[in-house]
Every structure is written in C-alpha cells, then in structure tokens.
Amino acid sequence: MASFNNFVLLLLLTFTLILVFEAAEESRAILSEEQKKELEIQLKAINKPAFKSFKTKQGDIFDCIDIHKQLAFDHHLLKNNSFQMKPTNAPEWIISNNISWEADPLQYLQDGLNCPDGTVIVKRTTMQGLMHEKRLKSIGFNGPLNFLAERNNTDVIGPNYVATVNFGPSNFYGVKGHLNLWDPQVSQDQTSGAFMAVAGGPKERLSSIFVGWMVKPSMYQISQDHVHLYTYWSKDNDKSGCYDITCPGFVQVSKTIPLGAILQPASVYNGTQYEIRLSLYQDLANGNWWFAYNDENVGYWPASLFLDTGFDKRANYAAWGGQVYSPATEKAPVMGSGHWPGEGLSKTAYVNSIKVITGFKKVLDPEIKHLKARETSSKCYRTLYGNGGKEPWLRTLYYGGPAGCIGA
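Residues numbered from 1 in each chain as written. Predicted model: local features only at pLDDT ≥ 70, side-chain atom pairs only at ≥ 80, totals over all residues. Heavy atoms only, no water.

Peer 1: Give me the lowdown on the state of the cysteines, citing residues and values where you can.
Peer 2: Note: disulfide means a covalent bond formed between the sulfur atoms of two cysteine side chains. Under the definition given, this model contains three disulfides. The side chain of Cys 64 participates in a disulfide bridge whose partner is Cys 115; the two sulfur atoms lie 2.0 Å from each other. Judged by the sign of its S-S torsion, about -80°, the cystine formed by Cys 64 and Cys 115 is left-handed. Taken together, the residues span a long stretch of sequence, with Cys 64 in strand β2 (residues 61-66) and Cys 115 in the loop between α3 (92-96) and β3 (119-123) at a distance of 51 residues. For the residue pair Cys 64 and Cys 115, the accessibility class agrees, reading buried in each case. Note on cysteine connectivity: Cys 242 is disulfide-linked to Cys 247, with sulfurs 2.1 Å apart. On the S-S bond that ties Cys 242 to Cys 247, the torsion sits near -85°, and the link is left-handed. (Disulfide = S-S within 2.5 Å. Helix = DSSP H or I, 4+ residues; strand = E, 2+ residues; numbered from the N terminus. Buried < 20%, exposed > 50% of the residue type's maximum accessible area, 1.4 Å probe, protein only.)

Right, here's the structure in full:
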C-alpha cells in the first residue's frame, strides 16, 4: 500500500512539474503592452516600404525595397557610407562565374524571386520571429558558437557542438567552400547547419562573419521545417551583430538572392547530392567583406563596422564544417546527414573546394597540415579531412554524426 501511495505521489509531482513548466513557457510568450510596442517599433524599422512583394507557397514574404533605403544604412557608422554596387576586385571564380560542377547543379532558391532595377530583395521579418529572437537572447543564446572557443561547449542554456577544420592564425583576405546540403530534423528550439566563417582581431575582441545553411525553427517561424540560407556577423565577441538583416549592418546588392531564403532540394542518403558554392572575400581597395552565393555577389559588410578591431584590414582565422545547438533538456540533433564521416561521399555531409585567398589573385589550397580539426565532442560528432581522390575531392572535409547526445 505504501509503495502504491508513493507511486501516486510521484505521478502527481510529475504532473505538477509539467503544468508549472508549461505555465512558465506561456508566461514567457505573453508580452506586456510596453514590450509589444517596443517590438512594433523595431519591426517597422526593419521592414522598409516595399515597391513589390512576393509570397512563397511556404508562407515567406520577400520585399523589393529601395537600394539606398535599406536597413543597413540605419547604422550610425554607415549614415554617410558610400554605396558600393560591386567590388573593386574579386576572386577569379566570381568574375568568370564559370564553374565545373561535381554535384548536381540544380540547386535553387525559391523560383521567381526577382526585383526591379534600383531595388534589392529582402525577407520580411515577422513579429513572431522577433519575439522568439528576444526570448532566446533573454536566456543567453546570441548566435553561433565562436569556433575558436575552448573545448567546454555548454553555455547557460545548453550545449553547442561543432565539427570543423580551422585555418590560422594567419593573415588572409577571404575563403571559399562548397557546402553539401542536407535537411536535418530538429525540434522547435534546436539548430543544425553547416557554415564557413572568417574572423579577425585579438581573441578578446574577435569579430567574425558566418555564412551557410541552417535549420532553425525558432528563427524561421513560417517555413520552419526547411533549410535556409543564413549569415551572421558579430563584433567584439558578440557585443554587436545579428543574423541576416535583423539589425543594420549587411548591405544587400542582389535583386534575386535574399538572406533567409529556403534552399531546396536537399541531398539524399546514398543518392543525389546537392551543394551550394559560398565565398567570403575582402575588397582590398576598401576593406568591405563581400558574400557570394553560387558565385553571384549577394552583398557586403562595410569595413567601417569593424574599425579598430583589425578585421577591417584582414582576417586571421577561418573555419568550415557543421554546428548544432540543443537546449540542455533535450538530446542533441543530427549534424549533417546524421552519419559518421567515415562513410564517405553520398552518405555523410561534406565541404569541398576549400580555398583561402592570401592576396590579389593569390589563392591557397590548404594542405592537411595547415588545417586543424576541431570536435567539441568526438563521441557525438566527428571530422575527416583529405580523404578524396582528385580535385575537388582531394581536399574535402567530411563531418557529422547522429542525434542523441546529452551534454557530452
């Protein structure tokens, strides 16, 4: 009888804890009138008047806005910044735009997105998206894990894991990588993706730029079950910066490629593989950092954002690979394909055609000895570099692992 009573008490306690947790979740989602007003002002500042808009079948809205009145120019450092439509110098693959594909070339953003001359295309930010971003920031989640961080991978809200190869410290001016595209399944507050990043300045004041693909339902609320093109920039170890264009900074120049767009189709295990070609490079004439998707310039981060950090003059570190995040209460999600790197091409996620720009028309194909593998937990996710046959597979990073880790 005593054991039965203990069992009933345990059930009641569990039920009570669930109710308390759900009530806390609901209370976090309820905003005060003042908070609501603050977010409405922020939303109005982010979403500029549109000349034309597109709504996709997934529910995302993209706006064509005046190229000179985009959010970037609300930044106090960019008020008198001259607009740059194209870089003074660019890598040869951007200028020629003539690449021989090894994976299936039919990799598209949403079809039909094209804005008129004099405008650029941007993804419309929603109130729900701002609310979720505010909630995550309030509990300490600001952005991707610093890829130079120490091995301890757990922060105040849960574990971040990376499986990458890193380059540096060295002085250089850009990087390139072809990121294999997958569609990992994650829960509402989890993140899984692949990235390429550059960083510069002293480690205590590091500035960085990340580009890649990501599944992150808490940020992409409407089309949450899809893979999205994303960028992230930060200055002084995350004292300022943001994803995509949710704050002033990134200057969009493309009429057809919006940040935050859905990428499709995704690769199939032991089947057709898809990849996106990404470049991050510095205009040597003025220090602006340019981002190119599939060898087409999307836009740039002006050098004036990074003054006094050293990142306006050069980069010192780079990384390629995968990253996941999960709340401490959940098992970590799939990274990449969800399979170990040793399985190889068509079964595990990869980054190939890894290049480092070391000067004007100078490009380095880094040897294995120049790259350092970084695994925050080799029990959970691993890397394997340089296991290919001929170019572009000779210098290929395979990375990833299955779901299931808890704070390992």
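Peer 1: Explain the nonpolar core to me, using residue names and the numbers behind them.
Peer 2: Formed by 71 residues in total, the largest nonpolar core has its most connected members in Val 198, Ile 209, Trp 213, Phe 291, Trp 301 and Trp 320. For Val 198, the residues in contact, after removing those within four places along its chain, are Phe 147, Phe 172, Val 175, Ser 207, Ser 208, Ile 209, Leu 280, Trp 289, Phe 311, Ala 315, Tyr 317 and Ala 318. Judged by nonpolar contacts, the second largest core, of 13 residues, contains Ala 197, Ala 199, Tyr 230 and Ala 319. (Core = buried A, V, L, I, M, F, W, Y, C linked by side-chain atoms within 4.5 Å. Contact = heavy atoms within 4.5 Å.)

Peer 1: Residue-level account of the sheet that holds strand β6 (residues 191-200), with values.
Peer 2: Read across the sheet, seven strands follow the order β9-β8-β7-β6-β14-β4-β17 without closing on themselves; strand pairing throughout is antiparallel. Of all the strands in the sheet, the pair left with one neighbour each is β9 (240-243) and β17 (371-375). On average, each strand axis in the sheet is tilted by 15° relative to the strand beside it, whichever way the strands run. (Pairing = 2+ DSSP bridges. Axes fitted to C-alpha atoms, helices over the stretch in contact; angles between N-to-C directions.)

Peer 1: How would you summarise the pattern of salt bridges if you had to cite specific residues and measurements?
Peer 2: Summed over the entire model, instances satisfying the criterion amount to nine salt bridges. Across the salt bridge formed by Glu 33 and Lys 36, the nearest N and O atoms sit 4.0 Å from each other. Within this pair, Glu 33 and its partner Lys 36 are both found in helix α2 (residues 33-46), separated by three residues, close to a single helical turn. Given a relative accessible area of 34%, Lys 36 falls into the partly exposed group. The salt bridge partner of Asp 60 is Lys 123, with a shortest N-O separation of 3.7 Å. (Salt bridge = Lys/Arg side-chain N within 4 Å of Asp/Glu carboxyl O.)

Fair warning: the whole summary comes from geometry, so function is off the table for now.
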